[in-house]
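Coordinate inspection notes
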Amino acid sequence: MDSFEWNKVLAAVFASVLFIMVIGIVAEQPFHQEHVKPAFSIEVATADAADVVVEEGPSFAELMAGADAARGARQWAKCRACHTVEKDGRNGTGPNLYGIVGRTIAALDDFNYSNALRGIQTSVWTYESLDEWLLSPKSFANGTSMSFAGLRKPEQRADLIAYLSTFTDAPVPLPVVEAVEQVEDVE
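I will try to describe carefully the structure that is included in this document. Keep in mind that this is a model prediction, so the values were computed, not measured.

1. With respect to the pattern of salt bridges
- Evaluated as defined, the whole model comprises five salt bridges.
- R71 is paired through a salt bridge with D68; the nearest N and O atoms lie 3.8 Å apart.
- Relative accessible area serves as the criterion here: at 34%, R71 is assigned to the partly exposed category.
- Owing to a relative accessible area of 28%, D68 belongs among the partly exposed residues under this scheme.
- Between D159 and R71 there is a salt bridge; the shortest N-O distance is 2.8 Å. Of this pair, D159 sits in helix α7 (residues 154-164) while R71 sits in helix α3 (residues 69-76); the two residues are 88 residues apart in sequence, bridging distant segments of the chain.

2. Some remarks on the packing of α3 against α7
- It is the contact of α3 with α7, at a shortest axis distance of 7 Å, that shows an interaxial angle of 100 degrees. Taken together, the axes of α3 and α7 are roughly perpendicular relative to one another. Across from A69, R71, G72, A73, Q75 and W76 in α3, the residues of α7 making contact are Q156, D159, L160, A162, Y163 and L164.
- The class makeup of the residues in the contact of α3 with α7 is seven nonpolar, three polar and two charged.

What counts, and where the lines are drawn
- Residues numbered from 1 in each chain as written.
- Predicted model: local features only at pLDDT ≥ 70, side-chain atom pairs only at ≥ 80, totals over all residues.
- Heavy atoms only, no water.
- Salt bridge = Lys/Arg side-chain N within 4 Å of Asp/Glu carboxyl O.
- Buried < 20%, exposed > 50% of the residue type's maximum accessible area, 1.4 Å probe, protein only.
- Helix = DSSP H or I, 4+ residues; strand = E, 2+ residues; numbered from the N terminus.
- Axes fitted to C-alpha atoms, helices over the stretch in contact; angles between N-to-C directions.
- Parallel < 35°, antiparallel > 145°, perpendicular 65-115°, else oblique.
- Contact = heavy atoms within 4.5 Å.
- Nonpolar A, V, L, I, M, F, W, Y, C, P; charged D, E, K, R; others polar.

Here it is, written out as C-alpha cells:
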C-alpha cells in the first residue's frame, strides 16, 4: 500500500472516532445534569421551637372523606402499566390490586414479592399504609423492587386510594374524621 492508501485508512479511523464522539455528546444532552456548587452559603437565623408555627393541612381522614375516585382513575394511569385491578385479574410486573385495602401485605401466592415486602407480610394494607406506600415505596419498604418514585401530593394519593378501594368484594370503611371542638373566647 502506498502512502495515499494509508492516509485514507487513517482518515476513515479518525472520522469514525469523531462521529462516535459527536453521537455520544448529542445523546447525552437530554439527560445531562450539571452539579453546580454554590459560590457562598447564606446562614439563616433559626427560631426557637416555641416560635415556629407549623401549618398542618387536613388530616388523612379528612383527605379521604373528600377524595374523588374519578380523579383517582386519572392517577391510576401511572399504575396500570404494571398493575391490574380486575377481580381475578392477572399479575403484571406488579401484583393485581383487586381488594388491596384490608389485604395482608405480600399475600398473593402467585406473585413473587421482593424480600422487603415479604418481611412485613404480617401487616395489612390499610388506607394509611397505602398512603405511606404511595408517598414513597422505597421509604415504606427499603429494598423494594418497585421503581415508582411516589406521589407527592396528599390529595392525589387520597384520590388514588379511593379509586383502588372501589375494587373489592368487602369494602373497608373509610377512616373516621374526628370532630374537633372549637373553644370560643367569650368575655
